[in-house]
Amino acid sequence: MRSLVNAPKTARQGEIIEIKAMVAHPMETGYRTDAKGAPIPRNIVNRFTCTYDGEEIFSADFFPAISANPFLSFTTVATASGPITFTWTADDGATQTATVEITVT
Amino acid sequence: MTRGQRLSAWLLLAALAAPLALAGEIPRDQRRSGADFMAPETRAMQADDTANPAMLWVLEGDALWREPAGAAGQSCADCHGDTAESMRGVAARHPAFDEASGRPIDLQGRINQCRAERQSAEPFPPEDDRLLALTAYVARQSLGLPADPPDDPRLVPFQENGRHLFERRIGQLNLSCADCHDDHWGGRLGGAPIPQAHPTGYPLYRLEWQTLGSLQRRLRNCMTGVRAETPSFGAPDFVDLELYLMRRAEGLPLEAPGVRP
């Protein structure tokens, strides 16, 4: 898995900031068959969490109808300088983590 | 028939014939990228590097560029160094003439050739994610540069073959590329707008594909659409067609990796 995350590098205290997170994943639904007719097992990213300075600020459960390479964008209030950490967990147990640092003044 | 009647008969004939006349190649000042025909949301997705899913492949390509491969144990970066300099404009000048084969070669073909000959590594199969990633990464370095196909006289016969393929009617629907993309661009086919078919955004992320794909994949799609037989990936005809399309798009800014619906 490879991910692309974005948050402002700096923000003022109390400012509303936009966070964007995308992960490379085929999101195989489990409803498809391969060229020989055998079912392709489901393998989707089923959970996404985002923590800011150690505290969880956003999480989402994903389902098979969500597109490949899922993209999320959400907002939060800049409270303190610290790491914003993103974690994706897939059905096959694979996880992907990404971190961006934000400086709040 | 009086003279006036004869004149009006001619005018009627001319009016009937006008919509049937072939529009021919699109003049330079009317050339528009396929992105112009997209919904604003899709355009915004392409324009924003943090929302464009194709950037995942560009990131992957950046990593692959530095990774040693094959028996030679060399990475792309070992020879070519910093892509921002060495690869700037390269995508805008492909397909280019390849001395070794005496034929035009496209960017993907060039990457695979370098891989086989210089790195002594197994070439990537068509539509392989790693090949698409490297191609997208290299093409990205030409972002905004005008399509600038090389003025090489040796390319002319291949380009003419490409033009011939573009204008030849194929498939059960008996349509040529030109029937839609020269004569009816801006119109609609079913619910979808017909663009001018410029190859400036490839490899690109099609939302329909849910992944990145090459121009050849797109060409095969269109051929299947008119129920024609599709040449296999890497067929010389495809490269000739790519060469003609690039000439046809000359001057349009490159936007790879693009997003299309």
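About the cut-offs
Starting from 1, residues in each chain are numbered consecutively following that chain's sequence as written. All chains are assigned letters beginning with A, and all ligands numbers beginning with 1, in the order in which they are written. Where totals are concerned, whole chains, interfaces and linings use all residues; where local detail is concerned, this predicted model gives features only for residues with pLDDT of at least 70, and gives and counts side-chain atom pairs only at 80 or more. Only hydrogens and water are set aside when side-chain values are computed; all heavy atoms of the structure are taken into account. Residues count as neighbours in contact if any of their non-hydrogen atoms are within 4.5 Å of one another. When two parts are put together, the accessible area they lose, computed with a 1.4 Å probe and summed over both, is reported as buried area. A carboxyl oxygen of Asp or Glu within 4 Å of a side-chain nitrogen of Lys or Arg is what we treat as a salt bridge. Under the rule applied, a polar contact is a pair of N or O atoms within 3.5 Å (in protein, one hydrogen donor and one hydrogen acceptor; residues adjacent in sequence only if both atoms are side-chain atoms). Put simply, DSSP marks the helices as runs of H or I at least four residues long and the strands as runs of E at least two long, and each gets a number from the N terminus on. Throughout this entry, Asp, Glu, Lys and Arg are counted as charged residues, while Ala, Val, Leu, Ile, Met, Phe, Trp, Tyr, Cys and Pro are counted as nonpolar. The remaining residues, Gly among them, count as polar. Residue burial is assigned from relative accessible area. The probe radius is 1.4 Å, only protein chains are included, and a residue is buried under 20% of its type maximum, exposed over 50%, and partly exposed in between. Strand pairing is defined by DSSP finding a minimum of two bridges between the two strands. An axis is simply a line fitted to the C-alpha atoms; with a helix, the fit covers only the stretch in contact. Between two such axes, the angle follows the N-to-C directions and lies from 0 to 180 degrees. Only buried residues count toward a nonpolar core. Its members are Ala, Val, Leu, Ile, Met, Phe, Trp, Tyr and Cys residues joined through side-chain atoms within 4.5 Å. In what follows, roughly perpendicular refers to angles from 65 to 115 degrees, roughly parallel to angles under 35, roughly antiparallel to angles over 145, and oblique to any angle outside these ranges.

1. Section: the interface of chain B and chain A
Across the boundary between the two partners, chain B contributes 14 residues, which contact twelve residues of chain A. When chain B packs against chain A, the two sides together hide about 1,000 Å² of surface, and 61% of this comes from carbon and sulfur. Looking at the side of chain B facing chain A, the largest losses of area belong to B:T50, B:L56 and B:Q210, adding up to 53% of the total buried there. Across the chain B-chain A interface, the total number found is two salt bridges. The partner of B:D48 in a salt bridge is A:K20, with the nearest N and O atoms 2.6 Å apart. Across the contact surface, chain B and chain A share five residue pairs in polar contact (both at pLDDT 80 or more). It is helix α3 (residues 55-66) of chain B that provides the largest number of residues to the side of chain B that touches chain A, a total of six residues. A per-class count over the side of chain B that touches chain A returns eight nonpolar, three polar and three charged.

2. Brief notes about the side chain of A:Q96
Residues and elements named next belong to chain A. Secondary-structure assignment places Q96 in strand β8 (residues 95-104). Under the relative-accessibility criterion, Q96 is labelled buried at 15%. Side chain to side chain, Q96 and S3 meet in a polar contact 3.0 Å long. Here Q96 is in contact with M1, R2, S3, V23, F86, T87 and W88, once residues within four sequence places are set aside.

3. Topic: the sheet that holds strand β3 (residues 16-23) of chain A
Residues and elements named next belong to chain A. Overall, antiparallel pairing links the three strands, which are arranged β1-β3-β6 in an open sheet. Edge strands, defined here as strands with exactly one partner in the open sheet, are β1 (3-6) and β6 (71-77). Neighbour-to-neighbour, the strand axes of this sheet turn through a mean angle of 15 degrees, independent of strand direction.

4. Digging into the pattern of salt bridges
Residue and element names in this part refer to chain B. With the rule as written, the count across this model stands at 22 salt bridges over all chains. With a shortest N-O distance of 3.0 Å, R163 and E25 are connected by a salt bridge. Of this pair, R163 sits in helix α8 (residues 156-167) while E25 sits in the loop between α1 (3-17) and α2 (40-47), and the two are 138 residues apart along the sequence. With its nearest N and O atoms 3.1 Å apart, the salt bridge here joins R206 to E208. Three or more residues are tied together by salt bridges with common partners; here these are E25, E160 and R163.

5. Regarding the nonpolar core
If you look at the biggest cluster of nonpolar residues, it comprises 31 residues, and the most contacted ones within it are B:W57, B:W65, B:L107, B:L134, B:V138 and B:L212. Where this core is concerned, the elements lending two or more residues are α3, α6 (107-117) and α7 (129-140) of chain B. Ranked by residue count, the leading element in this core is α7(B), at eight residues. Formed by 25 residues, the second largest nonpolar core is a distinct cluster that contains A:F74, A:W88, A:V100 and A:I102.

6. Focus: the packing of helix α10 (residues 215-225) of chain B against helix α11 (residues 236-248) of chain B
Residues and elements named next belong to chain B. Axis separation between α10 and α11 bottoms out at 11 Å; the angle between their running directions is 100 degrees. The angle between the axes of α10 and α11 places the two elements in the roughly perpendicular class. Taking contact as the criterion, the partners of L215, Q216, L219, R220 and M223 in α10 are, on α11, F238, V239, L241, E242 and L245. Classifying every residue of the contact of α10 with α11 by side-chain character gives seven nonpolar, one polar and two charged.

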